[in-house]
Each structure stands twice: as structure tokens, then as C-alpha cells.
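The chain contents come next:
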Amino acid sequence: MSDKSAIVMRERCQATVSKRWAKEPRRCKFTTLRGIYCWQHEQQIRNFRIKKSNKHDGYGLFSTEFIPANKYICGYEGDRVVTHDNIKNPFMLKIKKRPPTYIDASKTNIKQEGRWVKDPPGSNNAEIVLQNGKAYLYSIKDIPANTEITAAHKIAEEPKAEPEPIPKRRILKKPTHRLLPRRKPQTKTRQEIIDERYQKKLKIRLQFIRKLFHDSNFAKQLGIKVNPKKTITIPKQDDSTIDQYHKRLEKKVKEQEKALMNYINKNPQAKVDHIKVIDMIDALIKKKKPKLQEE
Ligand SMILES: [Zn+2]
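Rules used in this analysis
Residues numbered from 1 in each chain as written. Predicted model: local features only at pLDDT ≥ 70, side-chain atom pairs only at ≥ 80, totals over all residues. Heavy atoms only, no water. Helix = DSSP H or I, 4+ residues; strand = E, 2+ residues; numbered from the N terminus. Expected span 1.5 Å × (residues − 1). Buried < 20%, exposed > 50% of the residue type's maximum accessible area, 1.4 Å probe, protein only. Contact = heavy atoms within 4.5 Å. pLDDT = per-residue confidence, 0-100. Donors = N, O, S within 2.8 Å, 3.2 Å for Na, K, Ca; no water. Tetrahedral: all angles 85-135°; square planar, octahedral: opposite > 155°, others 65-115°. Pairing = 2+ DSSP bridges. Phe/Tyr/Trp six-rings, centres within 6.5 Å; stacked < 30°, edge-to-face > 60°. Lys NZ or Arg CZ within 6 Å of the ring centre and 35° of its normal. Salt bridge = Lys/Arg side-chain N within 4 Å of Asp/Glu carboxyl O.

1. Topic: helix α4 (residues 242-264)
Taking 1.5 Å of rise per residue, the 23 residues of α4 would be expected to cover 33 Å, and the 33 Å separating its terminal C-alpha atoms lies within 8% of that figure. Listed in full, the buried residues belonging to α4 are Tyr 245, His 246, Leu 249, Lys 252, Val 253, Gln 256, Glu 257, Leu 260, Met 261, Tyr 263 and Ile 264. Buried residues belonging to α4 abut α2 (190-214), α3 (216-222) and α5 (274-288).

So, in C-alpha cells, the structure goes:
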């Protein structure tokens, strides 16, 4: 089962690759002497590997995933040839007696992988079935992943595999990067993201302080009267620059921290300073992880 009759054709991999930074998907840059995809794409798109066999001295077709019995594997493609010559080429598959008609799969750059399925001594796990004048490979037993697919190089007279509609493409378990949705282009700059995060943090802090004023349990623990009417309006950016806005937010936070300090110190026994209030708010935010409420 040597590959001496093969016509080796170098093919640029026909897969396309999407890159985040490129507008258009590009064609894979690798070339191959075995089929139409580089080995990575052969595996990713087709779930096959074409590699050196340990059953014969040529290349063989290996499935990278489990194929149950009686399933379509791939096509046996090639040029249709009518000849009365005595054929010795193992890639020529006789499909008709009169006139003697063959599928010539000598060229390596054939789309379907059937040509790589060899017929070494021993039992086979697949067979070639003729359907509407075309040849296809079907499994005749369960084929574990990473097993070479082998079949007799003749049309199965009585197919063990029940011919079924040919699927367009074998279903992939995981989507390839080609099928994944493209990531949205990043429109914000790094600085904008940092600024937004900072603003969010300050706003959450203001909302949290307001909640503390309204929290009757909190007031009870501190031995003070709850202040449900306390309002804190969160400044809006409006026309101010980012820096101005940050200063306004920071000022408001400081103001409200001090207001909370005074509120707590309404209990004559409590003696908290600004630093203590800051620490207390930090600890509570860390514990309760409040989210920003839209308002
Ligand atoms: Zn490729």
C-alpha cells in the first residue's frame, strides 16, 4: 500500500482565519501536500488527521473523534476515467464494468479524504458504497477516535452500511474560531475605562452612605435615631471636564462621610473621627459588595 501512484500537489490551506485586528478574514498561510487543509484545519474543520500509518508504509486517514458504525465518513472523490487498460494504480476505484469506469483519486489535493483510506491486510472498519454514481465511505463498525480508517478498494456489493443522505459537513463538537462571533471593536481608551471605574466607585460609595442613614438597624446598633429623610444627590457630569467632575464627586463623598460622622456622634458615647468613618464604610462595602443603582 505505498503511495507511489499518487500525484503530489501542493495546496495552500483553504481555510480562512479571522483575526481580531483584521477587517476581513484571511486565508490560512500554511500549505499542505495532503488534501486542501493544513493539518490544524483538517482537524478543526473536518475532524480528520492524515498521517503515517503503522499498518502500511504510506499515509492513512485517522478520525479525531469517535465514529459509530454505519455512519457516513467522507466521500471518495477524483476524476472520472473510462479506460480498457489494465489498471494497477491503487487510487483508481472501479465503479462500473461497462464501459470500465473508474474514479481516479491519484491527486493529493482532493477535497474529500476518501483517497487516504487504505486497504492494508487485516480486517477493515469501513467500506466504499456507491450512491448515484458517486462513491462514499461508511463505517462498518464503531471506530474509536484516533484510529486509522481502512476499507477494501472496491465498491461494496452488498453494503453493510445502509446508505443514508450525505450530510454536507460533519458536525463539529466545538465551534472553530471561524464560527465564533467576532468581538466588538474596543471603542473606549484605557484611560476612559479607568475614569469610568473610578466614578462608579465614588457613586456606589455615595449611594451606600445614603443607605446607612436610612438603615434603622444601623441606627439602633449605634443608639441613635434613624434619619429616613436624608437625601444625597449624586452629582452629574454635565458640562464639566472629567477632572472637574472627579473633584466634585470626591468633594461630595468627603462631605457625606463627615455628615455620617456627625450622625453617628449624635450618640454622646460615640466618638468617631473622619478616618474611622472612612474605614468603617470601606469595611462595610467590602463585605456587602453593593452595586451601582441607576438613578
Ligand atoms: Zn490552515
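2. Here's the deal with the confidence of the model for the chain
Mean pLDDT for the chain: 88, with 91% of residues reaching 70 or above. Counted against residues more than four places away or in other chains, residues 171-175, with its pLDDT under 50, gives eight contacts.

3. Remarks on the coordination of the zinc ion
Binding of the zinc ion to the protein goes through Cys 13 (SG), Cys 28 (SG), Cys 38 (SG) and His 41 (ND1), at separations of 2.0 to 2.3 Å. If you look at the zinc ion, its four donor atoms make angles of 97 to 117° with each other, and the shape they trace is tetrahedral.

4. Re the pairing of strand β6 (residues 59-63)
Among the five residues that make up β6, four are buried, leaving the element largely enclosed by the rest of the structure. The sheet contact formed by strand β5 (residues 48-52) and β6 spans five bridges and is antiparallel. Along β6, the bridge assignment pairs Lys 51 with Gly 60. What sits between the antiparallel neighbours β5 and β6 is a turn of six residues. Bridge analysis of β6 against strand β13 (residues 147-149) gives three bridges, and the strand direction is antiparallel. Following the sheet pairing, Leu 61 is matched in β13 by Ile 149.

5. So, the packing of aromatic side chains
Across all of its chains, the model carries four aromatic pairs by this definition. Judged by centre distance (6.1 Å) and plane angle (75°), the ring pair of Tyr 72 and Tyr 138 falls under edge-to-face. Pair noted here: Tyr 72 is in strand β7 (residues 72-76) and Tyr 138 is in strand β12 (residues 134-139), with a separation of 66 residues, a long-range link. Note on accessibility: Tyr 72 and Tyr 138 belong to one class, buried. Consider the rings of Phe 213 and Tyr 263, whose centres lie 4.8 Å apart with planes at 50°: the pair is tilted. Of the two residues, Phe 213 sits in helix α2 while Tyr 263 sits in helix α4, which places them 50 residues apart along the sequence. The aromatic ring of Phe 91 is capped on one face by Arg 115, whose charged end is 4.3 Å from the ring centroid. Positioned above the aromatic ring of Phe 213, the side-chain terminus of Lys 230 is 4.8 Å from the ring centre.

6. Regarding the pattern of salt bridges
By the definition in use, this model includes five salt bridges. The partner of Arg 205 in a salt bridge is Glu 257, with the nearest N and O atoms 2.9 Å apart. Of this pair, Arg 205 sits in helix α2 while Glu 257 sits in helix α4, and the two are 52 residues apart along the sequence. Taken together, the shared-partner salt bridges connect Arg 205, Glu 257 and Asp 282 into one network.

7. Quick word on the environment of Pro 121
Among the secondary structure elements, Pro 121 is positioned in the loop between β10 (101-104) and β11 (126-131). According to the relative accessible area criterion, Pro 121 is exposed, its value standing at 78%.

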